[in-house]
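Geometric and topological summary
Here is how the chains run, residue by residue.
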Amino acid sequence: MDGKHPSEMDYYERVREFTELFDYGNDPSVTLVALVRRAGDFLEKIVGPKAANEGMARIIGSLSANGPSAWRDDLENGETSAYSEWAIGEQLHFLSAYARYGIDLTAREHESAAEITNRLRAVIEAVEVLVDLCPLEQWLGEDRPRQLEETLLLAKNRWALDHGLPVEPEALAIFGGVTMGSMRNLLSGKTQIFTKIEGKIAANEALNWLADKRSFFPSIWESARREWDGEVHDLDYAQPVFVPQSRDGSVFHPGLKRGGAYTVGEKGNERQVDNFEEALSKLQEMRHPSWRRPGRGKGGWGIVSAIHWVRMTPAELDHLARVEMEGFDPAGPKIES
(Lines give C-alpha, C1' and ligand atoms only; values in the text may rest on other atoms or scores of the structure.)
Protein backbone atom coordinates (compact mmCIF):
# COMPACT_ATOMS: atom_id res chain seq x y z
CA MET A 1 0.00 0.00 0.00
CA ASP A 2 3.13 2.19 0.01
CA GLY A 3 2.12 3.69 3.36
CA LYS A 4 -1.05 5.18 1.92
CA HIS A 5 -4.35 4.98 3.72
CA PRO A 6 -6.88 3.04 1.59
CA SER A 7 -9.02 6.18 1.25
CA GLU A 8 -6.09 7.87 -0.53
CA MET A 9 -5.61 5.12 -3.11
CA ASP A 10 -6.93 5.78 -6.60
CA TYR A 11 -8.52 3.33 -9.02
CA TYR A 12 -5.28 2.07 -10.57
CA GLU A 13 -3.56 1.59 -7.21
CA ARG A 14 -6.51 -0.46 -5.99
CA VAL A 15 -6.60 -2.55 -9.16
CA ARG A 16 -2.91 -3.34 -8.85
CA GLU A 17 -3.23 -4.32 -5.19
CA PHE A 18 -6.32 -6.42 -5.89
CA THR A 19 -4.51 -8.28 -8.67
CA GLU A 20 -1.37 -8.84 -6.60
CA LEU A 21 -3.19 -10.04 -3.47
CA PHE A 22 -5.93 -12.10 -5.13
CA ASP A 23 -5.17 -15.68 -4.07
CA TYR A 24 -6.58 -18.89 -2.60
CA GLY A 25 -7.60 -17.22 0.64
CA ASN A 26 -9.99 -14.70 -0.94
CA ASP A 27 -10.90 -16.31 -4.28
CA PRO A 28 -14.61 -17.31 -4.26
CA SER A 29 -14.00 -19.73 -7.12
CA VAL A 30 -12.21 -22.06 -4.70
CA THR A 31 -15.67 -22.96 -3.44
CA LEU A 32 -16.87 -23.43 -7.03
CA VAL A 33 -14.19 -26.04 -7.68
CA ALA A 34 -15.24 -27.99 -4.59
CA LEU A 35 -18.88 -27.84 -5.70
CA VAL A 36 -18.10 -28.95 -9.26
CA ARG A 37 -16.11 -31.90 -7.92
CA ARG A 38 -19.01 -32.98 -5.71
CA ALA A 39 -21.47 -32.41 -8.58
CA GLY A 40 -19.46 -34.89 -10.64
CA ASP A 41 -19.61 -37.42 -7.82
CA PHE A 42 -23.36 -36.90 -7.59
CA LEU A 43 -23.95 -37.30 -11.33
CA GLU A 44 -21.89 -40.47 -11.38
CA LYS A 45 -24.34 -42.04 -8.94
CA ILE A 46 -27.17 -41.29 -11.38
CA VAL A 47 -25.76 -41.83 -14.87
CA GLY A 48 -22.76 -44.05 -14.21
CA PRO A 49 -19.01 -43.40 -14.47
CA LYS A 50 -18.65 -43.34 -18.26
CA ALA A 51 -21.33 -40.72 -18.97
CA ALA A 52 -20.41 -38.67 -15.89
CA ASN A 53 -16.72 -38.64 -16.81
CA GLU A 54 -17.43 -37.51 -20.36
CA GLY A 55 -19.75 -34.77 -19.13
CA MET A 56 -17.37 -33.54 -16.45
CA ALA A 57 -14.44 -33.46 -18.86
CA ARG A 58 -16.51 -31.15 -21.04
CA ILE A 59 -17.50 -29.00 -18.06
CA ILE A 60 -13.92 -28.40 -16.93
CA GLY A 61 -13.06 -27.40 -20.50
CA SER A 62 -9.45 -26.75 -21.36
CA LEU A 63 -8.30 -28.21 -18.02
CA SER A 64 -9.20 -31.69 -19.27
CA ALA A 65 -5.76 -32.80 -20.45
CA ASN A 66 -5.66 -36.52 -19.72
CA GLY A 67 -8.96 -37.90 -20.92
CA PRO A 68 -12.46 -38.08 -19.40
CA SER A 69 -11.61 -40.60 -16.68
CA ALA A 70 -8.94 -38.24 -15.28
CA TRP A 71 -11.20 -35.18 -14.90
CA ARG A 72 -10.85 -35.13 -11.10
CA ASP A 73 -7.06 -35.07 -11.26
CA ASP A 74 -7.12 -32.51 -14.07
CA LEU A 75 -9.48 -30.29 -12.06
CA GLU A 76 -7.23 -30.53 -9.02
CA ASN A 77 -4.11 -29.78 -11.06
CA GLY A 78 -5.76 -26.77 -12.67
CA GLU A 79 -7.64 -25.60 -9.60
CA THR A 80 -6.01 -22.18 -9.52
CA SER A 81 -7.34 -21.28 -12.97
CA ALA A 82 -10.48 -23.45 -13.15
CA TYR A 83 -12.84 -20.54 -12.57
CA SER A 84 -11.92 -19.02 -15.94
CA GLU A 85 -13.74 -21.96 -17.57
CA TRP A 86 -17.11 -20.95 -16.11
CA ALA A 87 -19.15 -17.80 -16.77
CA ILE A 88 -19.97 -17.22 -13.10
CA GLY A 89 -16.26 -17.42 -12.25
CA GLU A 90 -15.55 -14.17 -14.07
CA GLN A 91 -18.51 -12.50 -12.37
CA LEU A 92 -17.16 -13.63 -9.01
CA HIS A 93 -13.77 -12.13 -9.80
CA PHE A 94 -15.46 -8.84 -10.68
CA LEU A 95 -17.56 -9.03 -7.51
CA SER A 96 -14.48 -9.63 -5.36
CA ALA A 97 -12.93 -6.37 -6.53
CA TYR A 98 -16.12 -4.51 -5.69
CA ALA A 99 -16.60 -6.24 -2.33
CA ARG A 100 -13.06 -5.72 -1.04
CA TYR A 101 -11.80 -2.63 -2.89
CA GLY A 102 -14.93 -0.66 -3.78
CA ILE A 103 -14.13 -0.58 -7.52
CA ASP A 104 -15.75 -1.80 -10.72
CA LEU A 105 -13.22 -3.50 -12.99
CA THR A 106 -15.58 -3.49 -15.97
CA ALA A 107 -16.59 0.19 -15.90
CA ARG A 108 -15.71 2.24 -18.96
CA GLU A 109 -15.17 5.97 -19.31
CA HIS A 110 -18.37 6.52 -21.32
CA GLU A 111 -20.68 4.72 -18.84
CA SER A 112 -23.05 6.52 -16.49
CA ALA A 113 -23.25 5.88 -12.75
CA ALA A 114 -26.73 4.41 -13.31
CA GLU A 115 -25.38 1.84 -15.78
CA ILE A 116 -22.67 0.78 -13.37
CA THR A 117 -25.16 0.63 -10.49
CA ASN A 118 -27.48 -1.63 -12.46
CA ARG A 119 -24.62 -3.94 -13.40
CA LEU A 120 -23.41 -4.23 -9.82
CA ARG A 121 -26.91 -4.96 -8.57
CA ALA A 122 -27.41 -7.63 -11.24
CA VAL A 123 -24.15 -9.42 -10.38
CA ILE A 124 -24.85 -9.38 -6.64
CA GLU A 125 -28.33 -10.79 -7.26
CA ALA A 126 -27.00 -13.49 -9.60
CA VAL A 127 -24.40 -14.65 -7.09
CA GLU A 128 -26.96 -14.56 -4.29
CA VAL A 129 -29.25 -16.85 -6.31
CA LEU A 130 -26.31 -19.19 -6.93
CA VAL A 131 -25.38 -19.39 -3.24
CA ASP A 132 -29.01 -19.97 -2.25
CA LEU A 133 -29.19 -22.89 -4.69
CA CYS A 134 -25.87 -24.45 -3.70
CA PRO A 135 -26.08 -27.45 -1.32
CA LEU A 136 -23.07 -26.12 0.56
CA GLU A 137 -23.76 -27.73 3.92
CA GLN A 138 -24.90 -31.04 2.49
CA TRP A 139 -22.16 -31.45 -0.09
CA LEU A 140 -19.18 -29.70 1.50
CA GLY A 141 -19.93 -29.79 5.22
CA GLU A 142 -19.11 -27.43 8.05
CA ASP A 143 -15.39 -27.22 7.18
CA ARG A 144 -16.09 -26.14 3.58
CA PRO A 145 -14.14 -23.35 1.89
CA ARG A 146 -16.00 -20.15 2.78
CA GLN A 147 -14.60 -17.85 0.10
CA LEU A 148 -17.80 -17.80 -1.98
CA GLU A 149 -20.05 -17.04 0.98
CA GLU A 150 -17.68 -14.39 2.35
CA THR A 151 -17.42 -12.60 -0.99
CA LEU A 152 -21.20 -12.41 -1.25
CA LEU A 153 -21.46 -11.26 2.37
CA LEU A 154 -19.00 -8.41 1.77
CA ALA A 155 -20.56 -7.43 -1.56
CA LYS A 156 -24.07 -7.25 -0.13
CA ASN A 157 -22.93 -5.23 2.85
CA ARG A 158 -20.77 -2.86 0.82
CA TRP A 159 -23.87 -2.28 -1.29
CA ALA A 160 -25.74 -1.57 1.94
CA LEU A 161 -23.09 0.94 3.09
CA ASP A 162 -23.10 2.58 -0.35
CA HIS A 163 -26.86 3.07 -0.12
CA GLY A 164 -27.23 4.06 3.54
CA LEU A 165 -28.65 0.73 4.70
CA PRO A 166 -27.80 -1.19 7.92
CA VAL A 167 -24.96 -3.73 7.71
CA GLU A 168 -24.39 -7.12 9.26
CA PRO A 169 -21.91 -7.27 12.16
CA GLU A 170 -20.00 -10.18 10.57
CA ALA A 171 -19.30 -8.16 7.43
CA LEU A 172 -18.38 -5.05 9.41
CA ALA A 173 -15.87 -7.08 11.43
CA ILE A 174 -14.16 -8.20 8.21
CA PHE A 175 -14.19 -4.69 6.76
CA GLY A 176 -12.70 -3.36 9.98
CA GLY A 177 -10.10 -6.10 10.39
CA VAL A 178 -11.34 -7.29 13.81
CA THR A 179 -12.58 -10.61 15.13
CA MET A 180 -16.24 -11.38 15.70
CA GLY A 181 -15.45 -11.51 19.42
CA SER A 182 -14.29 -7.90 19.30
CA MET A 183 -17.31 -6.94 17.23
CA ARG A 184 -19.66 -8.49 19.78
CA ASN A 185 -17.99 -6.38 22.48
CA LEU A 186 -18.70 -3.27 20.41
CA LEU A 187 -22.35 -4.26 20.25
CA SER A 188 -22.99 -4.74 23.95
CA GLY A 189 -21.82 -3.99 27.49
CA LYS A 190 -19.46 -1.25 28.60
CA THR A 191 -17.61 -1.18 25.28
CA GLN A 192 -20.74 -0.78 23.16
CA ILE A 193 -20.42 1.88 20.46
CA PHE A 194 -22.99 0.65 17.92
CA THR A 195 -26.77 0.77 17.95
CA LYS A 196 -28.49 -2.41 16.75
CA ILE A 197 -31.23 -2.17 14.15
CA GLU A 198 -32.85 -5.61 14.02
CA GLY A 199 -29.46 -7.20 14.55
CA LYS A 200 -27.65 -4.90 12.13
CA ILE A 201 -25.66 -1.66 12.45
CA ALA A 202 -26.64 1.71 11.02
CA ALA A 203 -24.63 2.68 7.94
CA ASN A 204 -23.54 6.06 9.32
CA GLU A 205 -22.21 4.47 12.54
CA ALA A 206 -20.42 1.77 10.56
CA LEU A 207 -18.80 4.24 8.16
CA ASN A 208 -17.68 6.53 10.98
CA TRP A 209 -16.01 3.58 12.69
CA LEU A 210 -14.39 2.41 9.44
CA ALA A 211 -13.05 5.85 8.56
CA ASP A 212 -9.61 5.31 10.13
CA LYS A 213 -9.33 1.55 9.50
CA ARG A 214 -6.51 0.58 7.15
CA SER A 215 -8.36 -2.59 6.19
CA PHE A 216 -11.31 -0.79 4.58
CA PHE A 217 -11.39 0.80 1.14
CA PRO A 218 -14.18 3.38 0.79
CA SER A 219 -16.18 2.83 -2.38
CA ILE A 220 -15.11 4.82 -5.45
CA TRP A 221 -16.91 2.77 -8.13
CA GLU A 222 -19.37 5.51 -9.07
CA SER A 223 -16.72 7.98 -10.16
CA ALA A 224 -13.45 6.08 -10.70
CA ARG A 225 -12.87 3.94 -13.76
CA ARG A 226 -10.29 3.15 -16.38
CA GLU A 227 -9.59 6.07 -18.69
CA TRP A 228 -8.34 6.13 -22.27
CA ASP A 229 -6.34 8.99 -23.72
CA GLY A 230 -7.16 7.98 -27.30
CA GLU A 231 -3.76 6.49 -28.06
CA VAL A 232 -2.23 3.03 -27.87
CA HIS A 233 1.34 3.28 -26.66
CA ASP A 234 2.57 -0.29 -26.76
CA LEU A 235 2.72 -0.92 -30.51
CA ASP A 236 6.47 -0.68 -31.07
CA TYR A 237 6.76 -3.58 -33.52
CA ALA A 238 6.43 -3.40 -37.31
CA GLN A 239 6.15 -7.02 -38.48
CA PRO A 240 3.31 -9.54 -37.92
CA VAL A 241 3.60 -11.45 -34.66
CA PHE A 242 2.16 -14.64 -33.20
CA VAL A 243 -0.06 -14.14 -30.15
CA PRO A 244 -1.81 -16.73 -27.96
CA GLN A 245 -5.50 -17.40 -28.53
CA SER A 246 -7.85 -18.90 -25.93
CA ARG A 247 -10.69 -21.36 -26.41
CA ASP A 248 -13.26 -18.54 -26.54
CA GLY A 249 -11.44 -16.94 -29.49
CA SER A 250 -9.94 -13.98 -27.61
CA VAL A 251 -6.26 -13.17 -28.10
CA PHE A 252 -3.60 -11.41 -26.08
CA HIS A 253 -3.33 -7.83 -27.40
CA PRO A 254 -2.03 -4.39 -26.33
CA GLY A 255 -5.40 -3.20 -24.99
CA LEU A 256 -5.27 -5.56 -22.01
CA LYS A 257 -3.35 -3.28 -19.70
CA ARG A 258 -4.99 -2.86 -16.30
CA GLY A 259 -3.57 -0.64 -13.60
CA GLY A 260 -0.72 0.24 -15.94
CA ALA A 261 0.40 -3.37 -16.50
CA TYR A 262 -0.42 -6.64 -18.22
CA THR A 263 -1.13 -9.66 -16.01
CA VAL A 264 0.28 -12.91 -17.34
CA GLY A 265 0.74 -16.36 -15.83
CA GLU A 266 -1.46 -19.02 -14.32
CA LYS A 267 -3.52 -18.18 -11.26
CA GLY A 268 -1.32 -18.23 -8.17
CA ASN A 269 1.75 -17.50 -10.29
CA GLU A 270 0.73 -14.26 -11.99
CA ARG A 271 3.12 -11.44 -12.71
CA GLN A 272 2.73 -7.80 -13.76
CA VAL A 273 4.54 -6.66 -16.91
CA ASP A 274 4.50 -3.05 -18.11
CA ASN A 275 5.45 -3.57 -21.77
CA PHE A 276 3.42 -5.54 -24.35
CA GLU A 277 6.40 -7.10 -26.11
CA GLU A 278 7.91 -8.19 -22.79
CA ALA A 279 4.56 -9.65 -21.71
CA LEU A 280 4.29 -11.53 -25.01
CA SER A 281 7.81 -12.86 -24.49
CA LYS A 282 6.84 -14.12 -21.02
CA LEU A 283 3.81 -15.89 -22.50
CA GLN A 284 6.02 -17.57 -25.12
CA GLU A 285 8.17 -19.00 -22.34
CA MET A 286 5.24 -20.52 -20.42
CA ARG A 287 4.21 -24.15 -20.66
CA HIS A 288 0.57 -23.07 -20.34
CA PRO A 289 0.41 -19.44 -21.54
CA SER A 290 -2.25 -17.62 -19.49
CA TRP A 291 -3.31 -14.02 -19.14
CA ARG A 292 -6.09 -11.85 -17.72
CA ARG A 293 -8.65 -10.22 -19.97
CA PRO A 294 -12.16 -8.75 -19.50
CA GLY A 295 -15.00 -11.24 -19.46
CA ARG A 296 -17.62 -10.99 -22.14
CA GLY A 297 -20.95 -9.42 -21.27
CA LYS A 298 -21.06 -8.46 -17.61
CA GLY A 299 -18.14 -10.55 -16.41
CA GLY A 300 -15.04 -9.21 -14.70
CA TRP A 301 -11.41 -9.81 -15.62
CA GLY A 302 -10.60 -13.52 -15.72
CA ILE A 303 -7.69 -15.76 -16.61
CA VAL A 304 -7.72 -17.57 -19.94
CA SER A 305 -5.21 -20.06 -21.30
CA ALA A 306 -3.91 -20.48 -24.83
CA ILE A 307 -4.97 -23.42 -26.97
CA HIS A 308 -2.89 -22.26 -29.95
CA TRP A 309 -1.12 -19.26 -31.45
CA VAL A 310 -2.35 -17.01 -34.28
CA ARG A 311 -0.53 -14.66 -36.64
CA MET A 312 -1.66 -11.04 -36.45
CA THR A 313 -0.48 -7.81 -38.02
CA PRO A 314 0.23 -4.66 -35.98
CA ALA A 315 -2.89 -3.08 -37.53
CA GLU A 316 -5.09 -5.95 -36.33
CA LEU A 317 -3.66 -5.76 -32.83
CA ASP A 318 -4.00 -2.00 -32.83
CA HIS A 319 -7.69 -2.37 -33.74
CA LEU A 320 -8.32 -4.86 -30.93
CA ALA A 321 -6.54 -2.59 -28.46
CA ARG A 322 -8.60 0.44 -29.45
CA VAL A 323 -11.86 -1.50 -29.32
CA GLU A 324 -11.00 -2.77 -25.83
CA MET A 325 -10.01 0.64 -24.54
CA GLU A 326 -13.18 2.23 -25.89
CA GLY A 327 -15.24 -0.41 -24.11
CA PHE A 328 -17.17 -1.79 -27.09
CA ASP A 329 -17.69 -5.44 -28.06
CA PRO A 330 -14.96 -6.66 -30.42
CA ALA A 331 -16.21 -6.90 -34.00
CA GLY A 332 -13.02 -6.15 -35.80
CA PRO A 333 -10.79 -8.08 -38.15
CA LYS A 334 -11.37 -11.80 -38.43
CA ILE A 335 -8.67 -13.81 -36.73
CA GLU A 336 -7.59 -16.83 -38.70
CA SER A 337 -6.37 -19.82 -36.70
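Residues numbered from 1 in each chain as written. Predicted model: local features only at pLDDT ≥ 70, side-chain atom pairs only at ≥ 80, totals over all residues. Heavy atoms only, no water.

This part takes up the pairing of strand β7 (residues 301-312). Alignment of strand β3 (residues 241-246) against β7, held across six bridges, turns out to be antiparallel. When the sheet's bridge partners are listed, Val-241 is paired in β7 with Met-312. Pairing of strand β6 (residues 290-294) with β7 involves five bridges; the strand directions are antiparallel. Note on β7: the bridge partner recorded for Ser-290 is Ser-305. (Pairing = 2+ DSSP bridges. Helix = DSSP H or I, 4+ residues; strand = E, 2+ residues; numbered from the N terminus.)

Formed by 51 residues in total, the largest nonpolar core has its most connected members in Leu-75, Leu-172 and Met-183. Here the element with the most residues in this core is helix α8 (residues 147-162); it accounts for eight residues. When residues no more than four places from it in sequence are discounted, the contact partners of Met-183 are Pro-169, Leu-172, Ala-173, Val-178, Phe-194, Ile-201 and Trp-209. Counting 19 residues, the second largest nonpolar core, distinct from the first, contains Leu-256, Tyr-262, Trp-291 and Leu-320. (Core = buried A, V, L, I, M, F, W, Y, C linked by side-chain atoms within 4.5 Å. Buried < 20%, exposed > 50% of the residue type's maximum accessible area, 1.4 Å probe, protein only. Contact = heavy atoms within 4.5 Å.)

This part is about the environment of Glu-266. Here Glu-266 shows up in the loop between β4 (262-264) and β5 (271-273). The class for Glu-266 is partly exposed, based on a relative accessible area of 33%. Spatially, the C-alpha atom of Glu-266 lies 7.5 Å from that of His-288, the residues being 22 residues apart in sequence. Apart from residues lying up to four places away in sequence, Glu-266 is in contact with His-288, Ser-290 and Ile-303.

Attention shifts here to the environment of Pro-49. As for its position among the elements, Pro-49 is in helix α3 (residues 49-59). The sequence separation of Pro-49 and Pro-68 amounts to 19 residues, and the corresponding C-alpha distance is 9.8 Å.

Here the protein averages 85 in pLDDT, and 89% of its residues register 70 or above. Low pLDDT, under 50, characterises residues 328-337; the predicted model gives this stretch 17 contacts beyond four residues in sequence or across chains. (pLDDT = per-residue confidence, 0-100.)

Right, let's get into the environment of Ser-215. Here Ser-215 shows up in the loop between α11 (203-210) and β3. Expressed as a C-alpha distance, the spacing of Ser-215 and His-5, which sit 210 residues apart in the sequence, is 8.9 Å. If sequence neighbours within four positions are ignored, Ser-215 has contacts with Phe-175, Gly-176 and Gly-177. Looking at Ser-215, its side chain comes within polar contact range of the main-chain oxygen of Gly-176, at 3.3 Å. (Polar contact = N/O pair within 3.5 Å; in protein donor to acceptor, adjacent residues only side chain to side chain.)

This next bit is on the pattern of salt bridges. Enumeration according to the criterion identifies 14 salt bridges in this entry. Among the ionic pairs, Asp-41 bridges to Arg-38, the shortest N-O distance being 3.4 Å. Of the two residues, Asp-41 and Arg-38 both sit in helix α2 (residues 29-47), three residues apart, roughly one turn of that helix. Residue classification places Arg-38 among the partly exposed positions, given a relative accessible area of 30%. Across the pair Arg-72 and Glu-44 runs a salt bridge whose closest N-O atoms are separated by 3.1 Å. You can see Arg-72 sitting in helix α4 (residues 71-77) and its partner Glu-44 sitting in helix α2, a full 28 residues away along the chain. Assessed through its relative accessible area of 27%, Arg-72 is described here as partly exposed. Linked through salt bridges whose partners overlap, the residues forming this network are Glu-137, Glu-142, Arg-144, Arg-146 and Glu-149. (Salt bridge = Lys/Arg side-chain N within 4 Å of Asp/Glu carboxyl O.)

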